[in-house]
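The primary structure of each chain is shown beneath.
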Amino acid sequence: MAGALVKERGAAADPALRASRARQRRDRWMTHGILLLGVIIFALPIWITLVGSTHDVNTIGRGEVPLWFGGHAVENYVAAWSRGGEAVRNTRAVPAGIMLWNSLVMATLIATGKIIISLLSAYAVVFFSFPGRMAFFWMIFITLMLPVEVRIIPTFQVMVDLHLTDTMAGLVIPVVASATATLLFRQFFLTIPDEYAEAAKIDGAGPLRFFWDVVLPLSRTNIAALFVILFIYGWNQYLWPLLIITDTGLETIVVGLSKMIGRGDAQNEWNAIMATAILALLPPVAVVVLMQRWFVKGLTETEK
Amino acid sequence: MATLELSRIHKTFGGTPVLHGVDLDISEGEMVVIVGASGCGKSTLLRITAGLESPTSGIVRIGGRDVTALEPADRDIALVFQNYALYPHMTAFENMAYGLKIRGVPRAEIRRRVEEAARLLDIDALLARRPRQLSGGQRQRVAMGRAIVREPKLFLFDEPLSNLDAKLRVQMRAEIRRLQRRLGVTSLFVTHDQVEAMTLGDRLVVMNQGRAAQIATPMEIFTTPADTYVASFIGSPTMNLLRATLEDGGAGATLAAGGSIRFAQPVPGPAGRPVIIGIRPEHVTPEGDLPVAIELVEPLGSETVMHGTLPGGEAMTVRVQGTAPVTSGIMPVSLKQHLHVFDAETNLRLHGLASA
């Protein structure tokens, strides 16, 4: 009723009102136009990959870039999953299923390990006072500024000496400590009021009990958000797995994918490569989608 | 229930002395309020009693046992925090039960104690809620409940009412007092609010710069403040403090503002000794020969508070019943009754009331 009334009065030809309506409509189109452009830029490569994974090897081999699905989806995915891109591979073929499993184990171990280690070290730095506390914190903090590549040769040497090359442990341990996560947890712990620790002291909770009963539940959303970020970080590891793993049974999907692209004259099996790429996308997407609610909460909300 | 003894408590934070040897004895079931301006060391004293800080020197005894070196959990105390410090991820029930759970109290016993405390505090309907879903007053009750279920020897309160609005504060104040009487638990309560202190405490400790300026009942502190700090801290509007010199024989004094006053009992000291005369605004007689230049009149209904200055510039506040005799200009007053005499150098009280 009231809306209709307003509309009628608006229609009674107030030029200022009409102008502002038009401007609002224009703004809306502009906003959507820009967003659409962004979506196209981000999504088009993935679309091409997805479509490419459904054609036979010769279509892409001819240099065509199809924009709509072909009819070879099932055979391509079955081939990628069980055999890998064997035709032109410069080493032996590894089925995508094994590589995905390796990546999944590695990324999960890295994310979980980083969270556990960071939680404990941040807890020590924030809630305890011991000699050299700040020195330790700064030593952790400074490693943030060093890119992984800087220490990759000595780390490799250490792994060789420990006989950890070609093992899952060798894949995970060198990247399992995280200065970034320690810093983030430290900042979060600093926002936990001292009174909680004091109340826990009076309640008779020891340091580990306090950590388990109070600090950990309060950090839930932060842990979830970090897990998403760190899982994707782990999943995308390239340089280190490339160096440390020569046993193809432990090959990760990101490394395997790049190895599938031959550098010689032989024709690449683009259909299998693209199917593998799509498969490689799925686990990180699943993690983001499943943990999205927690993820957003962890970045925006604090339960205090 | 137990006694609390603090003896010669000193505390230094990184070279800065905060407490200069505080002594305090609290008998069983007594409620003692520590009051003072911010930074006077009152919270530090409470935290030392709780075991959250350790004293630089001195001894804390609870129920006759030396607990100075013990952890808070082993002192058998409960502390109600200013911001309540309820664990946000636990329900009211879990918050209250947490301390008991850690101590290994059987589940049925925990349930019984928590429910009993909840009934006492009228929060039985709220036990399943999280602190976020509770109002300030309800959180306060849960925090009290957490203290009660422990059945401790000693209750400690660290300004628990200062986060509440004025109306709720008055209500909770009365409730805390009732509860403490009913449970009969020895209590130490810290506040900066003098009304809270006067109404809650069996005895008050007025702290000033790390020292206990006076330890006495609220009325003793009001009628015979030990020094000028206590005199001006307790009572509202604050006591007038006027410079003066003692007359020959100590039977009277000459005010710096002019005019002389007589004491009922002589004050010791040679003639010419500088003293400070204290008189509460309600004890000033609104007639006489001491002229007060009125600057501000505050009508409060049943009484009126008038602010002015004496010749010489000293501030003077007068409280009269009913409406103001004058609203501006000069009002003559005299100082006859309830005079307090303090030494001008040490600021200490020179004797009991100087007049009847």
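Computed from a prediction, not measured in an experiment: that's the story for all the values here.

**Student:** Sorry if this is basic, but what is going on with the environment of Thr31 of chain A here?
**Tutor:** Residues and elements named next belong to chain A. Mapped onto the elements, Thr31 comes out in helix 2 (residues 15-52). Using a relative accessible area of 45% as the deciding quantity, one classes Thr31 as partly exposed. Along the chain, Thr31 and Ile98 lie 67 residues apart, while their C-alpha atoms are 44 Å from each other.

**Student:** Is there a simple way to think about the confidence of the model for chain B in this case?
**Tutor:** Parts of the prediction with low pLDDT should not have their coordinates interpreted in detail. Residues and elements named next belong to chain B. A residue-level look at chain B finds 98% of positions with pLDDT of 70 or above and a mean pLDDT of 89. For chain B, the element scoring lowest by mean pLDDT is strand 13 (residues 260-262), at 85; strand 3 (residues 31-35) scores highest, at 94. Model confidence for the complex: the whole-complex pTM is 0.77, and ipTM, which rates the interface, is 0.82.

**Student:** When you look at empty space enclosed by the protein in this model, what are you seeing that I'm missing?
**Tutor:** Where empty space is left becomes clear once a probe the size of a water molecule has been rolled over the atoms. According to the stated counting rule, one finds 3 cavities of 30 Å³ or more in the structure shown. Along its surface, the largest cavity is lined by Ala199, Ile202 and Asp203 of chain A together with Ala78, Leu79, Phe81, Ala143, Arg146, Ala147 and Arg150 of chain B. Going through the elements one at a time, helix 10 (194-203) of chain A together with strand 6 (77-80) and helix 4 (136-149) of chain B are the ones with two or more residues in the lining of the largest cavity. Reported here for the second largest cavity is a volume of approximately 50 Å³. Taken together, Val80, Met144, Ala147, Ile148, Phe155, Phe157, Ile176, Leu179 and Gln180 of chain B make up the full set of residues lining the second largest cavity. At the level of elements, helix 4, strand 7 (154-158) and helix 5 (166-183) of chain B are the ones that each hand at least two residues to the lining of the second largest cavity. Residues of the lining of the second largest cavity, tallied by class, amount to 8 nonpolar, 1 polar and no charged.

**Student:** How should I be thinking about the nonpolar core in this particular structure?
**Tutor:** Counting 71 residues, the largest nonpolar core has Phe189 and Phe210 of chain A together with Leu4, Leu45, Leu79, Leu156 and Leu188 of chain B as its most contacted members. When residues in this core are grouped by element, the largest group, 12 residues, is from helix 11 (residues 207-235) of chain A. Setting aside its immediate chain neighbours within four residues, Leu45 of chain B contacts Leu6, Ile9, Leu19, Val22, Ile34 and Met207 of chain B. Counting residues in hydrophobic clusters, the runner-up holds 47 residues, among them Tyr84, Met96, Val142 and Val230 of chain B.

**Student:** What exactly am I supposed to notice about the packing of helix 5 (residues 96-127) of chain A against helix 13 (residues 253-260) of chain A here?
**Tutor:** What describes two packed helices is the angle between their axes and the distance between those same axes. All names here are of chain A. One way to put it is that helix 5 packs onto helix 13 with a least axis distance of 8 Å and a crossing angle of 140°. Seen from helix 5, the contacting residues are Ala96, Met99, Leu100 and Ser103; seen from helix 13, they are Ile253, Val254 and Gly256. Residues of the contact of helix 5 with helix 13, tallied by class, amount to 5 nonpolar, 2 polar and no charged.

**Student:** Looking at this structure, how should I read unusual backbone geometry?
**Tutor:** Leaving glycine aside, a negative phi is the common case for residues, and trans is the common case for peptide bonds. Following Ser236 of chain B, the chain continues to Pro237 of chain B via a peptide bond in cis, the omega torsion being -5°. Looking at the element boundaries, Pro237 of chain B is found in the loop between helix 8 (228-233) and strand 11 (240-246). Its identity as a non-glycine residue notwithstanding, Asp166 of chain A has a phi of 60°, on the positive side. Of note, Asp166 of chain A is situated in the loop between helix 7 (152-161) and helix 8 (168-172). The class for Asp166 of chain A is partly exposed, based on a relative accessible area of 26%. Of note in this structure, Arg8 of chain B is not a glycine but carries a positive phi near 45°. One can find Arg8 of chain B in strand 1 (residues 4-13). On the accessibility criterion, Arg8 of chain B (47% relative accessible area) is partly exposed.

**Student:** What's the story with the interface of chain B and chain A in this structure? I'm lost.
**Tutor:** In many analyses, interface size is given as the accessible surface area lost on bringing the parts together. Every contact between the two is made by 24 residues of chain B and, on the other side, 16 residues of chain A. Taking both partners together, chain B and chain A bury about 1900 Å²; carbon and sulfur atoms supply 60% of that area. If you sort the residues of chain B by the area they bury against chain A, Tyr87, Pro88 and His89 of chain B come out on top, with a joint share of 28%. Across the chain B-chain A interface, the total number found is 2 salt bridges.

**Student:** In this structure, what is going on with the sheet that holds strand 11 of chain B? I would like to understand it.
**Tutor:** The strands that make up a sheet are held in pairs by hydrogen bonds between backbone atoms, and each pair lies either parallel or antiparallel. Residue and element names in this part refer to chain B. In space, the 5 strands of this open sheet follow the order 13-12-11-14-19, with antiparallel pairing throughout. In this open sheet, the two strands that pair with only one neighbour each are strand 13 and strand 19 (340-343). Taking the axes of each pair of neighbouring strands and ignoring which way they run, one obtains an average angle of 40° across the sheet. Across 3 bridges, the pairing between strand 12 (residues 252-255) and strand 13 is antiparallel. Looking at strand 13, one finds that Ala253 is bridged to Ile261.

**Student:** I keep staring at the pattern of salt bridges and nothing clicks. Help me out?
**Tutor:** Once their charged atoms are close, side chains differing in charge can pair, the charge on each being opposite to the other. Residue and element names in this part refer to chain B. By the definition in use, this model includes 19 salt bridges over all chains. Asp23 is paired through a salt bridge with Arg8; the nearest N and O atoms lie 2.8 Å apart. Of this pair, Asp23 sits in strand 2 (residues 16-26) while Arg8 sits in strand 1, and the two are 15 residues apart along the sequence. Close ionic contact of Arg273 with Asp343 constitutes a salt bridge, the shortest N to O distance being 2.4 Å. One end of the pair, Arg273, is in the loop between strand 13 and strand 14 (274-279); the other, Asp343, is in strand 19, and 70 residues separate them in sequence. Salt bridges linked by common partners bring Glu109, Arg112, Arg113, Glu116 and Glu151 together as one network.

**Student:** Would you explain the domain arrangement of chain B in this entry?
**Tutor:** Residue and element names in this part refer to chain B. Splitting chain B by domain gives domain 1 (4-228) and domain 2 (237-343). On a C-alpha basis, the centres of domain 1 and domain 2 stand 39 Å from each other. Together domain 1 and domain 2 conceal approximately 490 Å² of surface at their shared face, both sides included; 70% is due to carbon and sulfur atoms. Area buried by domain 1 at its contact with domain 2 is led by Phe222, Pro225 and Thr228, which between them contribute 83% of it. For the pair domain 1 and domain 2, the interface holds 1 residue pair in polar contact (both at pLDDT 80 or more). For the side of domain 1 that touches domain 2, the leading source of residues is helix 7 (residues 218-223), giving 3 residues. For the side of domain 1 that touches domain 2, the residue count by class is 4 nonpolar, 2 polar and 1 charged.

Parameters and conventions
- Residues numbered from 1 in each chain as written.
- Chains lettered and ligands numbered in written order.
- Predicted model: local features only at pLDDT ≥ 70, side-chain atom pairs only at ≥ 80, totals over all residues.
- Heavy atoms only, no water.
- Helix = DSSP H or I, 4+ residues; strand = E, 2+ residues; numbered from the N terminus.
- Buried < 20%, exposed > 50% of the residue type's maximum accessible area, 1.4 Å probe, protein only.
- pLDDT = per-residue confidence, 0-100.
- 1 Å grid on protein atoms, 1.4 Å probe; cavity = no way out; pocket = protein on both sides within 12 Å on 5 of 7 lines; lining within 4 Å.
- Points joined across faces, edges and corners; volume = space filled by probe spheres on them.
- Nonpolar A, V, L, I, M, F, W, Y, C, P; charged D, E, K, R; others polar.
- Core = buried A, V, L, I, M, F, W, Y, C linked by side-chain atoms within 4.5 Å.
- Contact = heavy atoms within 4.5 Å.
- Axes fitted to C-alpha atoms, helices over the stretch in contact; angles between N-to-C directions.
- Buried area = accessible area lost by both parts, 1.4 Å probe.
- Salt bridge = Lys/Arg side-chain N within 4 Å of Asp/Glu carboxyl O.
- Pairing = 2+ DSSP bridges.
- Domains from an automatic or database assignment.
- Polar contact = N/O pair within 3.5 Å; in protein donor to acceptor, adjacent residues only side chain to side chain.

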